[in-house]
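# Coordinates in review
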Amino acid sequence: MGSQTYNGIGIAGLLFPGYVKIVPTKIGDGLNIELDQCIEGIYYASYLVAQGYKVVLNMSWVCWEPNQPALQEALEIFSSFGGGAVASAGNWGGDFPRPPASYENVIAVTASNINNVKAYFSAEGDWCDIAAPGEDIFAYYPVGYGYSWQSGTSYSAPFVAAAAAMYWSIHPDLTWAQVREKVLSAVYQPEDYPSGPY
């Protein structure tokens, strides 16, 4: 999302300096995600929204267990404050809704490939809202690999979160519901791409 541009190294981020600030929250060790830390991060984001900030959460992670009441409550509070949430749909190639992407107020992002079709591994279903590039993404992997080709809906969600954050920074008078509607209504629909589920 926020990789430095024009530095001759690696990749360029989607967020332009001065428009959007990234607030990273540690939720694991880079390989394993701790759900309680995710929930704490969401409550911290709620605090920022309550202080008047426009906040878009990027959640590039998935819970395997579908019933997560503490997570759902945290996201409901965040949404009630006016925050926006985007999440990866998952990488198991079927219609298996899992949180946080499966929750009502979260934009669920599946992965597309270079041909603008759903990536073979990507989750799908009516609960998915949008697809973004997620197959063969040249990205920085922080745990021992450096820059390499990566695939997964974890790479798709930041495209959507960054687009929403940039749009919101230019139109700060809008609510998250209006930003969400704009993002979801402005997508490109290839002729050979199914009209949902994504």
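Look a little higher up for the structure.
Residues numbered from 1 in each chain as written. Predicted model: local features only at pLDDT ≥ 70, side-chain atom pairs only at ≥ 80, totals over all residues. Heavy atoms only, no water.

Take the sheet that holds strand β2 (residues 84–88) next. Read from one edge to the other, the open sheet built from four strands follows the order β1-β2-β3-β4, with strand pairing classed as parallel. What marks the edges here is a single partner per strand, and that holds for β1 (56–59) and β4 (130–133). Across the sheet, the mean angle separating the axes of adjacent strands is 30° when strand polarity is ignored. Sheet topology note: the strand β3 (residues 106–112)/β4 ladder contains four bridges and is parallel. Bridging from a neighbouring strand, S112 pairs with P133 of β4. Those strands touched by helix α3 (residues 153–170) are β1, β2, β3 and β4, and its axis lies near 130° from that of β3. (Pairing = 2+ DSSP bridges. Helix = DSSP H or I, 4+ residues; strand = E, 2+ residues; numbered from the N terminus. Axes fitted to C-alpha atoms, helices over the stretch in contact; angles between N-to-C directions. Contact = heavy atoms within 4.5 Å.)

Buried together is how nonpolar side chains tend to be arranged in soluble globular proteins. Judged by nonpolar contacts, the single largest core of 26 residues is most densely connected at I42, L57, M59, L71, L75 and F78. Looking at this core, the elements that each hand over two or more residues are α1 (35–50), β1, α2 (69–81), β2 and β3. Discounting residues that sit within four places of it in the chain, L57 has contacts with I42, A45, L75, F78, G84, A85 and V86. Residues A157, V160, A161 and V183 belong to the second largest nonpolar core, which totals 16 residues. (Core = buried A, V, L, I, M, F, W, Y, C linked by side-chain atoms within 4.5 Å. Buried < 20%, exposed > 50% of the residue type's maximum accessible area, 1.4 Å probe, protein only.)

One pass over the structure, following the stated rule, counts six aromatic pairs. Measuring from ring centre to ring centre gives 6.2 Å for Y44 and Y47, while their planes differ by 25°; the resulting arrangement is stacked. Of the two residues, Y44 and Y47 are both situated in helix α1; the distance of three residues between them amounts to about one turn of the helix. On the basis of relative accessibility, which here comes to 47%, the residue Y47 falls in the partly exposed class. Plain terms: the ring middles of W168 and W176 are 5.6 Å apart, the flat faces sit at 45° to each other, and that makes the pair tilted. For the pair shown, W168 and W176 are each scored as buried. In this arrangement the basic side chain of R98 is found over the ring face of W64, its NZ or CZ atom lying 4.8 Å from the centre. (Phe/Tyr/Trp six-rings, centres within 6.5 Å; stacked < 30°, edge-to-face > 60°. Lys NZ or Arg CZ within 6 Å of the ring centre and 35° of its normal.)

As for its position among the elements, Q150 is in strand β6 (residues 146–150). Judged by its relative accessible area of 16%, Q150 is buried. In this structure, Q150 is in contact with G134, E135, D136, I137, Y141 and Y155, ignoring residues within four places of it in sequence.

The linkage connecting P99 with the following residue, P100, adopts the cis geometry, with an omega of 5°. On the secondary structure map, P100 appears in the loop between β2 and β3. Although it is not a glycine, D136 adopts a positive phi angle of roughly 55°. Tracing the backbone shows D136 in the loop between β4 and β5 (137–141).

Where α1 contacts α2, the two axes come as close as 9 Å, and the packing angle between them is 15°. Judged on the interaxial angle alone, α2 and α1 are roughly parallel. α1 and α2 meet at a crossing whose hand is left-handed. Contact residues: L35, I39, I42, Y43, A45, S46, V49 and A50 in α1; A70, L71, E73, A74, L75, I77, F78 and F81 in α2. (Parallel < 35°, antiparallel > 145°, perpendicular 65-115°, else oblique. Left-handed = near helix turned anticlockwise from the far one by under 90°.)

Moving on: the pattern of salt bridges. Counted according to the given criterion, the structure contains one salt bridge. Residues R180 and D129 are paired through a salt bridge, measuring 3.8 Å at the closest nitrogen-oxygen approach. Here the residue R180 occupies a position in helix α4 (residues 176–185), and D129 occupies one in the loop between β3 and β4, the gap between them amounting to 51 residues. (Salt bridge = Lys/Arg side-chain N within 4 Å of Asp/Glu carboxyl O.)

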